[in-house]
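Here are the chains, one letter per residue:
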Amino acid sequence: MTLLDAVLSLSEAPSRHEALQRILRALARVTAADALSVLTAADDGSVAVTAQIGLSPATRGLCFRPAEHPRLRRATLATGPIRFLDPSEPDPYNGWLLGNAGEIHPIHACMAVPLRVEDRLAGLLTLDACDPHGLRDLRDEEARVFAGLCAAALRLDASPASAPEARRLVSPAPGAPAVPGRSLGMQRVEREIAVLAPLSVPVLVTGETGVGKELVARALHERSPRASRPLVVVNCAAIPAQLVESELFGHKKGAFTGATAARAGRFEAARGGTVFLDEVGELPLAAQAQLLRVLQEGEIQPVGDDRAHRVEARVVAATNRDLRREVDEGRFRADLFHRLWVYPICVPPLRERREDIPALCERFAAGFAVELGARRVDFTEAALRALAQRDWPGNVRELKHAVERAVLSRTVADGEGAAGRELVLRLEDVEPWAGERSRAPRIEPPGPWPLDAARERPVEPLAETLERARREAFARAFQAAGGNAAMAGRLLGLSRSFAYKEAVRLGLLPGPEPQRR
């Protein structure tokens, strides 16, 4: 069923990126890999992260030059799957694995498969497992099959622009909105996207957390003349302050401690395309000065390099902060603010467009149904009404998670798997996630604690308290997910492999059978 799901992703996924993500999720179910990724090859020989599971979100769009990374160089020259057995070769993803911010142990499992389209290198499929034997059960033939599916997904967008049939496969349907919603506010956003997309001027997208600012940025790119070039997404808040300039603009070998090789920055990776700077208000002032130079002069200066380099990429930025106030308080440069504030697009919060909520719920449920293998997911009128009446302080992102939890709750309540079934979400399924109980609890400041009560309630070590809370959170997640590690990881905001390993450590799941040597 997993391979079938991966094949169906090519025809059912709404975009190339989503197709790749679904293929990686299907591959993750049949391996013990802690991280999987698809890198796409550019004309200059570099490769950039296009889709991934198990890596830091900051790796999205991360660009590598294979000549500077022995493993990537060997992978791009290989004719089939290649397993890396030399622990002295550095791993390009060192420090990027979720739940493992430090260096990856040199003894771990790592493999790559070249992706070819019409005998041309289109990219790489990579797998990493912290367990040295984690990829032992994945045969080369199986890796080739999944690599072929990834290459087919890349082929959709790699077709010549002159082929109208291919363009229809990757272009939105005529009249389809770039971002979900038919309210007056979202119709205004749609008109603004239509006017700004063909231009090269910077665009600032504003709005509260979770309203869909990245969707607007993707629509601006996909409807622009740059659509055939990369869209590089940078989460400015996720990059350590001391590494921001290196990540954005690159660095030379030896520029700082740990810079063992030169690395191209995100602007180099997006050459000719678009750089989306999410949470641009989080950039430190030094990086803001460099960004201003990019916007004014079209130049970047890699860390440790005395020369400036020309680069051509459109900048779309997003923030949930009030940048005017940030300028007044000295945290954001006034000149950069005015360069970005050419024409701001303000995405309205969900509470101001409640009429969009039912359609959004059905959209999210349909997407999650595909992932679960369900035939379809419907709502009763009472369930949709309860969802539409909520303010949703987390906006579209919070609504999406609530719908997914409701689907899982219905699946658990029925006591059956979701595969092949039609699910109907009732009021009792959505109420725990749409009502007041889903809000974060209000924490009152502690008042004076009576000494008698303190004697009756002995204080336990903090480590024991945290471990007990951790075990309870994992137990609830695995119970809600029916023991499925992938679903439990989604509920906890963790990767499947990390959720499984932690559940084993906490004694909630049996560990793997020891392998005979």
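On a predicted model such as this, the values are computed, not experimentally measured, just so you know.

Engineer: Help me get a handle on the pairing of strand E7 (residues 203–206), residues and values and all.
Structural biologist: Each regular strand shows side chains that alternate between the opposite faces of the sheet. Going residue by residue along E7, you find Val 203 and Val 205 tucked away on one face and Leu 204 and Thr 206 tucked away on the opposite face as well. Sheet topology places E7 next to strand E12 (residues 314–319); four bridges connect them, and they run parallel. Within the sheet, the bridge partner assigned to Thr 206 lies in E12 and is Thr 319. Bridge count for E7 against strand E13 (residues 344–346) is three bridges, and the pairing is parallel. If you follow Leu 204 over to E13, its bridge partner there is Pro 344.

Engineer: Hey, could you go over unusual backbone geometry for me, with residue numbers and the actual values?
Structural biologist: Although it is not a glycine, Trp 392 sits at a positive phi angle of roughly 55°. We classify Trp 392 as buried; its relative accessible area is 0%. Not every positive phi belongs to a glycine, and Asn 395 is a case in point at roughly 60°. Locating Asn 395 in the fold gives a position in helix H15 (residues 395–414).

Engineer: Which residues make up the packing of aromatic side chains, and what are the values?
Structural biologist: As enumerated under the stated definition, the model contains two aromatic pairs in all. An angle of 20° between the planes, with centres 5.6 Å apart, marks the rings of Phe 249 and Phe 267 as stacked. Remark: Phe 267 occurs in helix H9 (residues 266–269) and Phe 249 occurs in helix H8 (residues 244–249); sequence separation between them is 18 residues. On the basis of relative accessible area, Phe 249 is assigned to the buried category, the value being 1%. Against the face of Trp 341 rests Arg 324, its NZ or CZ located 5.0 Å from the ring centre. The ring of Trp 392 has Arg 390 lying over it, and the distance from NZ or CZ to the ring centre is 4.8 Å.

Engineer: Any details on the pairing of strand E8 (residues 231–235)? Residues and values, ideally.
Structural biologist: Within E8, four of the five residues are buried, leaving the element largely enclosed by the surrounding structure. Of the pairings in the sheet, the one linking E8 to strand E9 (residues 274–278) comprises five bridges and is parallel in character. Directly across from Leu 231, in E9, lies its bridge partner Thr 274.

Engineer: Let's hear about helix H2 (residues 16–29): which residues, and what values?
Structural biologist: The terminal C-alpha atoms of H2 lie 20 Å apart, and with 14 residues this matches the ideal 20 Å at 1.5 Å per residue to within 8%. For H2, the set of buried residues is Ala 19, Leu 20, Gln 21, Arg 22, Ile 23, Leu 24, Ala 26, Leu 27 and Ala 28.

Engineer: Lay out the sheet that holds strand E5 (residues 109–117) in plain terms, naming residues and giving numbers.
Structural biologist: Strands in a sheet are paired, the pairing made by backbone hydrogen bonds, and the direction either parallel or antiparallel. Pairing in this open sheet of six strands is antiparallel, and the strands run E3-E2-E1-E6-E5-E4 from one edge to the other. Here the strands that pair on one side only, and so sit at the sheet edges, are strand E3 (63–64) and strand E4 (82–83). As judged from the two bridges shared by E4 and E5, these two strands associate in the antiparallel manner. When the sheet's bridge partners are listed, Arg 83 is paired in E5 with Met 111. Along the sheet, H2 contacts strand E1 (35–41), strand E2 (47–53) and strand E6 (120–129); its crossing angle with E2, the most-contacted strand, is approximately 55°.

Engineer: Summarise the environment of Leu 425; cite the residues concerned and give the values.
Structural biologist: Along the chain, Leu 425 falls in strand E15 (residues 422–425). Sequence-distant contacts of Leu 425, defined by excluding residues within four places in its chain, comprise Val 377, Asp 378, Phe 379, Thr 380, Ala 383, Ala 406, Val 407 and Arg 410.

Engineer: Could you give an account of helix H16 (residues 427–434), with specific residues and numbers?
Structural biologist: Within the span of H16, buried status applies to Asp 429, Val 430 and Ala 434. Axial view of H16: buried residues confined to an arc of 105°, hence all on one face. If you follow the buried residues of H16, they end up packed against helix H14 (381–388), H15 and E15.

Engineer: Provide a residue-level description of the side chain of Glu 247, including the pertinent values.
Structural biologist: With respect to the helices and strands, Glu 247 occurs in helix H8. Setting aside its immediate chain neighbours within four residues, Glu 247 contacts Leu 62, Trp 96, Ile 239, Arg 263, Gly 265 and Arg 266.

Engineer: Give me the lowdown on the packing of helix H19 (residues 485–492) against helix H20 (residues 496–505), citing residues and values where you can.
Structural biologist: Running from N to C, H19 and H20 cross one another at 100°; their axes reach a closest spacing of 8 Å. By the angle between their axes, H19 is roughly perpendicular relative to H20. Here H19 contributes Ala 485, Ala 486 and Gly 489 to the contact with H20, which in turn contributes Arg 496, Ala 499 and Tyr 500. Its residues placed into classes, the contact of H19 with H20 shows four nonpolar, one polar and one charged.

Engineer: How would you summarise the pattern of salt bridges if you had to cite specific residues and measurements?
Structural biologist: Scanning all chains against the criterion turns up 33 salt bridges. Note that Glu 89 is salt-bridged to Arg 71, the shortest N-O span being 3.5 Å. Taken together, the residues Glu 89 in the loop between E4 and E5 and Arg 71 in helix H3 (residues 70–77) connect sequence positions 18 residues apart. You can call Glu 89 buried: its relative accessible area is 13%. When the shortest N-O distance is used, the salt bridge between Glu 422 and Arg 375 registers 3.4 Å. Note that Glu 422 is positioned in strand E15 and Arg 375 in the loop between helix H13 (357–372) and strand E14 (376–379), a separation of 47 residues in sequence. On the accessibility criterion, Arg 375 (62% relative accessible area) is exposed. Shared partners join several salt bridges into a network, and the residues in it are Glu 282, Arg 321, Glu 326, Glu 329 and Arg 331.

Engineer: Explain the confidence of the model for the chain to me, and be specific about the residues and the numbers.
Structural biologist: When the pLDDT values of the chain are averaged, the result is 81; 83% of them are 70 or greater. Averaged pLDDT values over the elements of the chain bottom out at 31 in helix H5 (residues 164–170) and peak at 96 in E7. pLDDT under 50 marks residues 158–176. Its contacts with residues more than four places away, or in other chains, come to nine contacts.

Rules of the game
Residues numbered from 1 in each chain as written. Predicted model: local features only at pLDDT ≥ 70, side-chain atom pairs only at ≥ 80, totals over all residues. Heavy atoms only, no water. Buried < 20%, exposed > 50% of the residue type's maximum accessible area, 1.4 Å probe, protein only. Helix = DSSP H or I, 4+ residues; strand = E, 2+ residues; numbered from the N terminus. Pairing = 2+ DSSP bridges. Phe/Tyr/Trp six-rings, centres within 6.5 Å; stacked < 30°, edge-to-face > 60°. Lys NZ or Arg CZ within 6 Å of the ring centre and 35° of its normal. Expected span 1.5 Å × (residues − 1). Contact = heavy atoms within 4.5 Å. Axes fitted to C-alpha atoms, helices over the stretch in contact; angles between N-to-C directions. Arc of directions from axis to C-beta. Parallel < 35°, antiparallel > 145°, perpendicular 65-115°, else oblique. Nonpolar A, V, L, I, M, F, W, Y, C, P; charged D, E, K, R; others polar. Salt bridge = Lys/Arg side-chain N within 4 Å of Asp/Glu carboxyl O. pLDDT = per-residue confidence, 0-100.

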